[in-house]
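Overview (structure and organization)
Letter by letter, the chains look like this.
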Amino acid sequence: MKSLNRSGWAARLTFTAIAACFAAGAMAAEYKERTLKLGHVIADDHPAALGAKRWAELLAQRSDGKIKVRIHGNGAIGGDTQMTSALQGGVQELGIITSSPMASVVREVGLIDLPFTFNSAAEVDAVLAGKVGDAIADKMNDKGLVILGWMENGFRSVTNSRRPITKFEDMEGLKIRVLQNPVYIETFNALGANAVPMPFPEVYTALESRAVDGQENPLGTINTSKFNEVQKYLSITRHTYTPYVAVVSKRVWDRLNPDEQTLLRETAAEASAYQRQVSRESEAKFLAELKERGMEVNELSPEETQRMREKLKPVIDKFSKELGGELGAEMFAEIAAVRGKSN
């Protein structure tokens, strides 16, 4: 009996010791003291800036304060294109980057920018979480950028200082600032506007000086950038969708140990999910505030949306083939699958 008791006690001790070892291993993740620089171009109260803050908070909390993030917002360290180069070179560690200018690095990114392609956030999520998002991430990795999450910029609309846009003919002759991306340039030129590609930090001044008549962005960016101060008309066109990319320099990534890589990946995913929720919940508030500040708002009718889509079909067809080929077909298949479930 005593022998059995000793055996049982020894077994319990062994089990406890093994469990303690596993717990100690989980607690003993190796994090070095690091300060990482994170850049973005938007105002501090924009949902993407809130996502950046959440990411920084999570990294600090879960590394017991060893991994700190210094955030540089409002384009303080450059526009999206400049920051992308800095990330590739390892000069900047982290970024919340507008996806569209990154098409100059990986052309397939431009597929996401095709006009009037997405109808809902569910379609966007399916594409970015599916084969298309994975393929873009793989190609970015080969170019020195590691995608850790997709945040939301949102569906884009047009503002200008001259007149409401109720049909594409109203864009005739307007100088519209667009992203530095050939899809946007050809889209707005096809609608009769004069597309002016420009880094985001320069946009407010260009609108204020009337160097350009208007610009196009999601409601969150229009609101937090206070474009209502220099633009009178807001036309809800939802002509395209843009995500932000939560990204780390591959040169930096390769210097991290596995524990640090896992922590960055997990916290980026959590911060991205939080940010997308905040962004989607804030859209109605942003629109109401822009109206309160005096912007004249009109929404494109379904008939005019279809007219614009038909007008832009040559642009859509051209870039679908040039940018994606089979990947473009995969994107449209993923969108169709989501629409089939909702019908």
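What you are looking at is a predicted structure, and each value in this text was computed from that prediction instead of being measured. Going along each chain's sequence as written, the residues are numbered from 1 onward. Residues qualify for local features only when their pLDDT is at least 70, as the model is predicted, and side-chain atom pairs are given and counted only at 80 or more; totals for whole chains, interfaces and linings, by contrast, use all residues. Side-chain figures throughout are based on the complete set of non-hydrogen atoms in the structure, without hydrogens or water.

**Brief notes about the overall build of the protein chain**
To qualify as a helix, a DSSP run of H or I must reach at least 4 residues; to qualify as a strand, a run of E must reach at least 2; elements of each kind are numbered from the N terminus. From N to C terminus, the protein chain includes 13 helices and 10 strands. Remark: exposure states derive from per-residue accessible area (1.4 Å probe, protein chains only) relative to the maximum for the residue type, with buried under 20%, exposed over 50%, and partly exposed in between. Taking all 343 residues of the protein chain together, 52% fall into the buried category. The contacts of the protein chain with a sequence gap of at least 6 include a subset with a gap of at least 24, amounting to 77%. Carbon and sulfur atoms make up 52% of the accessible area of the protein chain, which amounts to about 15500 Å² in all. A residue counts as positive if it is Lys or Arg and as negative if it is Asp or Glu; His and the chain ends are not included. Where a charge lies is defined by one atom per residue type: Lys uses NZ, Arg uses CZ, Asp uses CG and Glu uses CD. Between the averaged position of the 43 positive side-chain charges in the protein chain and that of its 44 negative side-chain charges there is a distance of 4 Å. Residues are treated as being in contact if the distance between any of their heavy atoms lies within 4.5 Å. For the area figures, the Shrake-Rupley method with a 1.4 Å probe applies, and any residue is considered shielded solely by the protein chains shown.

**Quick look at the pattern of salt bridges**
When a carboxyl oxygen of Asp or Glu lies within 4 Å of a side-chain nitrogen of Lys or Arg, that pair is called a salt bridge. Considering all chains together, one arrives at 20 salt bridges under this definition. A salt bridge links Lys-285 to Glu-289, with the nearest nitrogen and oxygen atoms 3.6 Å apart. Of the two residues, Lys-285 and Glu-289 both sit in helix H10 (residues 258-292), four residues apart, roughly one turn of that helix. A network of salt bridges, in which partner residues are shared, links Asp-125, Glu-152 and Arg-280.

**Focus: the packing of aromatic side chains**
Here a Phe, Tyr or Trp ring, Trp counted by its six-membered ring, pairs with any other such ring whose centre lies within 6.5 Å, and the pair is stacked when the planes are under 30 degrees apart, edge-to-face when over 60, and tilted otherwise. Tallied over the full model, the rule gives four aromatic pairs. An angle of 70 degrees between the planes, with centres 6.2 Å apart, marks the rings of Phe-118 and Tyr-241 as edge-to-face. Within this pair, whereas Phe-118 is found in the loop between strand E3 (94-98) and helix H4 (121-129), its partner Tyr-241 is found in strand E9 (residues 241-249), the two being separated by 123 residues in sequence. In terms of burial, Phe-118 and Tyr-241 fall into one category: buried. Put simply, the rings of Phe-118, Phe-155 and Tyr-241 touch in pairs and so form one group of aromatic residues. A cation sits over an aromatic face here: Arg-54 above Tyr-274, 3.8 Å from the ring centre. The ring of Phe-155 is capped by Arg-238, whose NZ or CZ atom sits 4.1 Å from the centre of that ring. A ring is considered to have a charge above it if a Lys NZ or an Arg CZ atom is located within 6 Å of its centre and within 35 degrees of its normal.

**Let's talk about the side chain of Ser-161**
With respect to the helices and strands, Ser-161 occurs in the loop between strand E4 (145-160) and strand E5 (175-178). When residues no more than four places from it in sequence are discounted, the contact partners of Ser-161 are Arg-210, Asp-213, Val-230, Gln-231, Lys-232 and Tyr-233.

**What about the packing of helix H5 (residues 131-142) against helix H13 (residues 326-342)?**
Geometry is summarised by axes, namely lines fitted to C-alpha atoms with helices restricted to the contacting stretch, and by angles between N-to-C directions that run from 0 to 180 degrees. At a minimum axis separation of 9 Å, H5 and H13 run at an interaxial angle of 145 degrees. Listed contacts from H13 to Lys-131, Val-132 and Ala-135 of H5 are Leu-327, Glu-330, Met-331 and Glu-334. All amino acids are sorted into three groups, where Ala, Val, Leu, Ile, Met, Phe, Trp, Tyr, Cys and Pro are nonpolar, Asp, Glu, Lys and Arg are charged, and the leftover types, Gly among them, are polar. Residue composition of the contact of H5 with H13, by class: four nonpolar, no polar and three charged.

**What to know about the side chain of Asn-217**
Considering the arrangement of structural elements, one finds Asn-217 in strand E7 (residues 214-218). Assessed through its relative accessible area of 3%, Asn-217 is described here as buried. A 3.5 Å cut-off defines polar contacts: any pair of N or O atoms within that distance qualifies, except that in protein one atom must be a possible hydrogen donor and the other a possible acceptor, and neighbouring residues in sequence count only when both atoms are side-chain atoms. Separated by 2.7 Å, the side chains of Asn-217 and Gln-215 make a polar contact. Those residues in contact with Asn-217 that lie beyond four places of it in its chain are Phe-155, Arg-156, Ser-157, Arg-177, Phe-200, Ile-222 and Phe-227.

**Describing empty space enclosed by the protein**
In the cavity and pocket records, a cavity denotes points on a 1 Å grid over the protein atoms alone where a 1.4 Å probe fits but cannot get out, a pocket denotes an open set with protein on both sides within 12 Å along at least 5 of 7 lines, and lining residues are residues with an atom within 4 Å of a point. Grid points are joined across faces, edges and corners, and a volume is the space filled by probe spheres set on the points. For the coordinates displayed, the defined rule picks out two cavities of 30 Å³ or more. The computed volume of the largest cavity comes to approximately 70 Å³. Along the walls of the largest cavity sit Val-41, Ile-42, Asp-80, Thr-98, Asn-153, Arg-156, Arg-177, Leu-179, Phe-200, Asn-217, Thr-221 and Tyr-244, which together make up its complete lining. Classifying every residue of the lining of the second largest cavity by side-chain character gives four nonpolar, three polar and two charged.

Everything listed here is a matter of geometry and, on its own, says nothing about what the molecule does.
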